[in-house]
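# Fold and geometry: a report
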Amino acid sequence: MCGIVGYVGKDTERVLIEKLKQLEYRGYDSAGIAVKAEQKINVFKAKGEIKNLEKTIVPLKDAQFGIGHTRWATHGKPDEINAHPHVSSDDKWVIVHNGIIENYLEIKDELTKKGMSFYSETDTETVAKLLEFHSRKVEDKMEIISETCDTIKGSYALAILNKETNGIYFAKNKSPLFIAKKGENVMIASDVICFYGFADEYYSVEDGEIGYTDANTLVFKNKFGEVVKNPIKCDFGNYNNANTYKHFMIKEIYETKNAIKNIIEYYSQEENRNKILLRKLDGIKRIKIVGCGTAYHAGLMGSKIFEEKLGIECTAYVASEFRYQDPKIGDDTLVILISQSGETADTLAAHEISKQKGAVTLALVNVEYSALAKSADISVPIKAGVEVAVASTKAYSSQLTVLYILAGLLREKFIGDKFNMADVEKLYNEFDYGNINNFKLLADVFQYNDKMFMIGRGADYCTAQEASLKIKETSYINSDTYYAGELKHGFLALIDEKTYVVVFATEKNVLSKTLCNAEEAKARGAKIILFTCFDLEPSLTENFYFVIKVKELGNALQAVLNIVPWQIIAYYTSVNKGYNPDKPRNLAKSVTVE
Ligand code: M6R
């Protein structure tokens, strides 16, 4: 969702624009920058893409520092007025903000009574006006910012300019914010990826901290005084903008095998396994897995793996439901929260509730410096490397692989069976990306189709859910998922000659049942695409429209081999339709608001 950058150094506008472009993947609908040059703060804003913003910028002499923002509208429509930066009435304070100010209406009301007026529908503008309000009685800028932060409730990462100061102030609560300093240049960002090509290490701003930076200074403060921090090494993995692929999505799909290698290397090390094995987990009687979207689908699959390997109750929940369900958890519950970004608002809220109720929490995250990773009792990295495309691909495969390892480690801990990496090594050795020409053929067909179904039983149902989500979000096709056994209980009525039904049939114990369901749909005119890992008698499949066969692994990691073809098919369907698979309409990479 929204993104923040700040920069102290020459060529400020160019650097800010370049960094905002690096944040584009998070999703946005307007953008803006504010640059101090020629003794004043110059603000430029535009609705839509960053290239619209670029057209508004006039050349500035002696630009020294500035802040920028990509906005994903929450309070007020996506237009130029609501775009950040926002400015106080006296033009002295200029701010960009990520997060949500929960008490902004109250503040607006209070300040209006005191004679202040507002020009936008945003919660952010109230912060700019509050800074102005507090500066009427206090001189010191840090004190003004501190008082402002004491007044606002909610989540915020703020980068702030003041007309009288030659640097950037910042503040943080619950929304991520990072700073890197290289010589006299400083970069502030809500995403560490902005430091790519700029610095090798950075500082993490923590909740409740405020600070100031310019060419010579970098200071962090909390309510106890100045905070001394150690820098953190940047880990950009295989992130590289200048790649040979046309889109991040396909690049990231093709990074899956390497991600599995990283996982094997990481979890083969005893010290990393011990982060789980040596935890006190006595008395855990049930496991709840929580996530959103793709992460939830990984959790669905995970719940099956855990129940099978540990023999205890394990249920997967969508985080936005879990948080309002008064979940039955206590100190006998392990809550596993899955999130690629570690910043998803609903998942963070689910974590908070789990902690309040006394559960042990374990975060399965890709972004290791994220809020979720930092706040959970146990943080388990999935080692996928930076994922930029909105459609999650290699992260899903990595989540499944690490869930499998986690289940094995918990089995060693609870039951005593020594964990070994053999199944994961087999997955790596057997892994291939399949017959790309076949996948392209299917994408050629799907591009003209606006309705399809994906069905399966057991673990295949979880794959169907995820495959369907990939098709939906990248290609805008109405793809619905059902348990294969539910066919006759309703949705058979929707099937006609124009309907494509993808039948996932990689679960041996229900294979014949699933094939029967395929026949039932076929008999009503559906075009059946059978997806299997078994060598089936030709007579069983000759009536089907298309058959995709993948390797048979013989364990739950089959799910990793099963999803990759569908990620590739979704990608090519999207490209055929002329869409940008990296940035599906209306979606954002990290859903940081409810
Ligand atoms: O960062 P998270 O894993 O918490 O994100 C959860 C979902 O928003 C995410 O998986 C979303 O469904 C993706 N766009 C799916 O491709």
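Residues numbered from 1 in each chain as written. Predicted model: local features only at pLDDT ≥ 70, side-chain atom pairs only at ≥ 80, totals over all residues. Heavy atoms only, no water.

Here we come to the overall build of the protein. In terms of helices and strands, the protein carries 19 helices and 25 strands. Here the protein has a C-alpha radius of gyration of 26 Å; the compact-globule value for 594 residues is 25 Å, and the two agree. Along the three orthogonal principal directions, the C-alpha set of the protein runs to about 80 × 55 × 45 Å. The long-range fraction of contacts in the protein, counting pairs at least 24 apart against all pairs at least 6 apart in sequence, stands at 69%. Carbon and sulfur atoms make up 47% of the accessible area of the protein, which amounts to about 24000 Å² in all. Taking the average place of the 74 positive charges on the side chains of the protein and the average place of its 80 negative ones, the gap between the two points comes to 1 Å. (Helix = DSSP H or I, 4+ residues; strand = E, 2+ residues; numbered from the N terminus. Rg over C-alpha atoms; globule rule 2.2 N^0.38 Å. Contact = heavy atoms within 4.5 Å. Areas by Shrake-Rupley, 256 points an atom, 1.4 Å probe, with all protein chains shown as cover. Lys, Arg positive; Asp, Glu negative; His and termini not counted. Charge placed at Lys NZ, Arg CZ, Asp CG, Glu CD.)

A word on the side chain of serine 88. Looking at the secondary structure, you find serine 88 in the loop between β5 (86-87) and β6 (93-101). The exposure class assigned to serine 88 is buried, which follows from its relative accessible area of 2%. Once residues within four sequence positions are removed from consideration, serine 88 is found in contact with Trp93, Ala128, Lys129 and Glu132. (Buried < 20%, exposed > 50% of the residue type's maximum accessible area, 1.4 Å probe, protein only.)

Before going further, it helps to examine the site of the ligand. In the region of the ligand, 14 residues are neighbours, and Ser339, Gln340, Ser341, Thr344 and Glu473 sit closest. When the ligand is considered free in solution it has 410 Å² of accessible area, and contact with the protein chains removes 91% of it. Contributions of two or more residues to the shell around the ligand are made by α9 (293-310) and α16 (459-475). Split by residue class, the shell around the ligand holds five nonpolar, seven polar and two charged. (Near = heavy atom within 4 Å. Nonpolar A, V, L, I, M, F, W, Y, C, P; charged D, E, K, R; others polar.)

With that settled, the discussion passes to the pairing of strand β11 (residues 201-204). Only one face of β11 is buried: it carries Tyr202 and Ser204, and the other face, with Glu201 and Tyr203, is open. Pairing geometry for strand β9 (residues 178-182) and β11, over two bridges, is antiparallel. Bridge pairing in β11 places isoleucine 179 opposite tyrosine 203. Where β11 lies against strand β15 (residues 232-233), two bridges are found, and the strand directions are antiparallel. For tyrosine 202, the partnering residue across the bridge sits in β15 and is isoleucine 232. (Pairing = 2+ DSSP bridges.)

Looking now at the packing of aromatic side chains. For the coordinates displayed, the defined rule picks out 25 aromatic pairs. With a centroid separation of 4.7 Å and an interplanar angle of 75 degrees, the aromatic rings of tyrosine 266 and tyrosine 267 are classed as edge-to-face. With relative accessibility at 14%, the residue tyrosine 266 sits in the buried group. Here tyrosine 267 falls in the buried class, since its relative accessible area comes to 1%. Chaining the aromatic ring pairs together yields one cluster made of Phe178, Phe195, Tyr202 and Tyr369. Its guanidinium or amino end placed over the ring of phenylalanine 220, lysine 229 lies 4.8 Å from that ring's centre, counting from NZ or CZ. Positioned over the ring face of tyrosine 428 is lysine 257, at 4.8 Å from the centre of the ring. (Phe/Tyr/Trp six-rings, centres within 6.5 Å; stacked < 30°, edge-to-face > 60°. Lys NZ or Arg CZ within 6 Å of the ring centre and 35° of its normal.)

For the rest of this paragraph, the subject is the sheet that holds strand β8 (residues 168-173). Consider a sheet: its strands pair through backbone hydrogen bonds, and that pairing is either parallel or antiparallel. Read across the sheet, seven strands follow the order β5-β6-β7-β8-β12-β13-β14 without closing on themselves; strand pairing throughout is antiparallel. At either margin of the open sheet sits one strand with a lone partner, and together these are β5 and β14 (225-227). Sheet topology places β5 next to β6; two bridges connect them, and they run antiparallel. Within the sheet, the bridge partner assigned to histidine 86 lies in β6 and is isoleucine 95.

For the rest of this paragraph, the subject is the environment of alanine 31. Examined against the element boundaries, alanine 31 turns out to sit in strand β2 (residues 30-37). Classification of alanine 31 by relative accessible area gives buried; the value is 1%. Alanine 31 sits 54 residues away from proline 85 along the chain, and the two C-alpha atoms are 8.5 Å apart. Not counting chain neighbours up to four residues away, the residues in contact with alanine 31 comprise Phe44, Lys45, Ala46, Gly48, Ile50, Leu53, His69, Thr70, Ala83 and His84.

Turning to the pairing of strand β12 (residues 210-213), a few remarks are in order. By the alternation rule, side chains of β12 split into Ile210 and Tyr212 and Gly211 and Thr213, which are all buried. Pairing of β8 with β12 involves four bridges; the strand directions are antiparallel. Following the sheet pairing, isoleucine 168 is matched in β12 by threonine 213. Pairing of β12 with strand β13 (residues 218-222), which is carried by four bridges, proceeds in the antiparallel orientation. Across the sheet, residue isoleucine 210 finds its bridge partner in β13, namely lysine 221. Counted along the chain from β12 to the antiparallel partner β13, the turn is four residues long.

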